[in-house]
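# Structural features, examined
The chain contents come next:
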Amino acid sequence: MKQIYSLFIVSILLVSCGGEKKRNSVEKVLESNNLTTIRAKRAELVNDQETINSKIKLLDEAISKLDTVKHVPLITAFKAETEVFNHTLEIQGNVTTKNLLVITPEYNGILTNVYVKEGQKVSKGQLLAKIDDGGLSQQLAQLKIQADLAKTTFERQMRLWEQNIGSEIQYLQAKSTYESQEEAVSQLEQQIAKTTVRAPFSGTIDDVITEQGSVVAAGQTQLMRLVNLDDMYIETDIPERYIADVTKGKNVIVDFPILGTTIETKVRQAGDYINPNNRTFKVEVGIPNKDKSIKPNLTARLKINDYTNENALLIPQSIISENANGEQYVYVISDKNDKNIGVANRVIITTGKTQGDVIEVLSGIENGTEIVQEGARSVKDGQTVEIINY
């Protein structure tokens, strides 16, 4: 090819030199002002032009035969290689805890004492507040005196009965009186116990809602909010089509945008009930919270692993085209030589799940197949291409 280019350049130089001589002779012919001479000179130049055009045509034909990369499109390509593909379902959820409770009283009366303040840590069973019992304590004291008397009477009557002294009816009456007094004492003690407010679980007093001295109503007045941040979790609704894929133990990546924190955890519970109103089921995701930075009702973004392929072939979605029959296809490289020249062939593929910018290919290509990337939209089936990089 280099020899042909050299020949072409030499020919141009010779024509240029010859043209210079002819230019001079043309000037002389014109100076002669002889019509016959001028016409003869013109015919001579036309002859020379036809000869040069013929030679140029021969050179072009030779270049066309030897220059095999003329008008060959440039493309980039990559090799499809198997890799682990973890598909995730992205969904939003809210942080909550089962140990979050607004405490209400079990007894009507005046809130005489509040023993805790906001931010205070309390233990399970600890006394938090006291409600005036309205004289029940005095009644209890009297009942206990009567119960003690009934107990003494019963014990004496039992000893006499064991010695076959007295009647059976006296023994039974004493026993009945003692047991009824004991029951009355127990019931009143239970009633008085409702006048005290105790922590149902260990945690922190988040808010004291009702102040000391207020009148409170059983089951209605909110006294204080108790929260425990140790057992936090995210509850979210998952569409029913994922019920076979999102199960207990699945890996989850949780992102808290407000905190700028990402943690890895697992699904700790997947519901078995489909809500007929929105066709979803509930999922709980446990959240470790050692530093207590995660609070109830915090918004989180979940990425739940719902599908894994250990030997997946992933390709960019942008290189896939579709024909008139709705079939998806890509171009693969074949017959590539050592100069990175090959042929682009159209291949029909079947795709699976997508994740971001990539898609899983289920059939049509194999591990190691070289696929056209940049230029995939412009090449044609069977076209020769040059691969410029990988």
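Conventions we followed
Residues numbered from 1 in each chain as written. Predicted model: local features only at pLDDT ≥ 70, side-chain atom pairs only at ≥ 80, totals over all residues. Heavy atoms only, no water. Helix = DSSP H or I, 4+ residues; strand = E, 2+ residues; numbered from the N terminus. Buried < 20%, exposed > 50% of the residue type's maximum accessible area, 1.4 Å probe, protein only. Polar contact = N/O pair within 3.5 Å; in protein donor to acceptor, adjacent residues only side chain to side chain. Contact = heavy atoms within 4.5 Å. UniProt positions renumbered as here; feature names shortened; annotations may be inferred. Axes fitted to C-alpha atoms, helices over the stretch in contact; angles between N-to-C directions. Parallel < 35°, antiparallel > 145°, perpendicular 65-115°, else oblique. Left-handed = near helix turned anticlockwise from the far one by under 90°. Nonpolar A, V, L, I, M, F, W, Y, C, P; charged D, E, K, R; others polar. Salt bridge = Lys/Arg side-chain N within 4 Å of Asp/Glu carboxyl O.

The topology assignment puts Thr 195 in the loop between helix 4 (168–193) and strand 7 (196–198). Look at Thr 195 and you get buried, because its relative accessible area is 0%. Of the polar contacts made by the side chain of Thr 195, one reaches the side chain of Lys 130; its length is 3.2 Å. From its side chain, Thr 195 meets the backbone oxygen of Ile 192 in a polar contact 2.4 Å long. Beyond its immediate stretch of four places on either side in the chain, Thr 195 contacts Tyr 107, Ala 129, Lys 130, Ile 131 and Asp 133.

Moving on: the side chain of Thr 236. Checked against the element boundaries, Thr 236 lands in strand 11 (residues 232–239). Of note is the side chain of Thr 236, whose polar atom sits 2.8 Å from the backbone oxygen of Gln 92.

Let us look at the environment of Leu 45. For Leu 45, the location among the structural elements is in helix 2 (residues 35–66). Once the C-alpha coordinates of Leu 45 and Ile 165 are considered, the two residues, 120 residues apart in sequence, prove to be 164 Å apart.

Looking now at the UniProt feature "domain: Multidrug resistance protein MdtA-like barrel-sandwich hybrid" (unreviewed entry) in the protein chain. The feature "domain: Multidrug resistance protein MdtA-like barrel-sandwich hybrid" (unreviewed entry), as annotated in UniProt, sits at residues 103–224 in this numbering. In this annotation, residues 103–224 is assigned 43% helix and 21% strand; the end-to-end C-alpha distance for the span is 5 Å.

Between helix 3 (residues 136–162) and helix 4, the shortest axis-to-axis distance is 8 Å and the interhelical angle comes to 155°. With respect to each other, helix 3 and helix 4 are oriented roughly antiparallel. In this structure, helix 3 crosses over helix 4, and the sense of that crossing is left-handed. Per-class residue counts for the contact of helix 3 with helix 4 are 15 nonpolar, nine polar and six charged.

Okay, the pattern of salt bridges next. In total, this model carries eleven salt bridges according to the counting rule given. Residues Asp 231 and Arg 268 are paired through a salt bridge, measuring 3.1 Å at the closest nitrogen-oxygen approach. Placement of Asp 231 in the loop between strand 10 (224–227) and strand 11 and of Arg 268 in strand 13 (residues 261–270) is noted, with a sequence separation of 37 residues between them. Since its relative accessible area comes to 30%, Arg 268 is described here as partly exposed. Between Asp 237 and Lys 282 there is a salt bridge, with its nearest N and O atoms 3.1 Å apart. Of this pair, Asp 237 sits in strand 11 while Lys 282 sits in strand 14 (residues 280–287), placing them 45 residues apart in sequence. On the accessibility criterion, Asp 237 (30% relative accessible area) is partly exposed. The class of Lys 282 is partly exposed, set by a relative accessible area of 43%.

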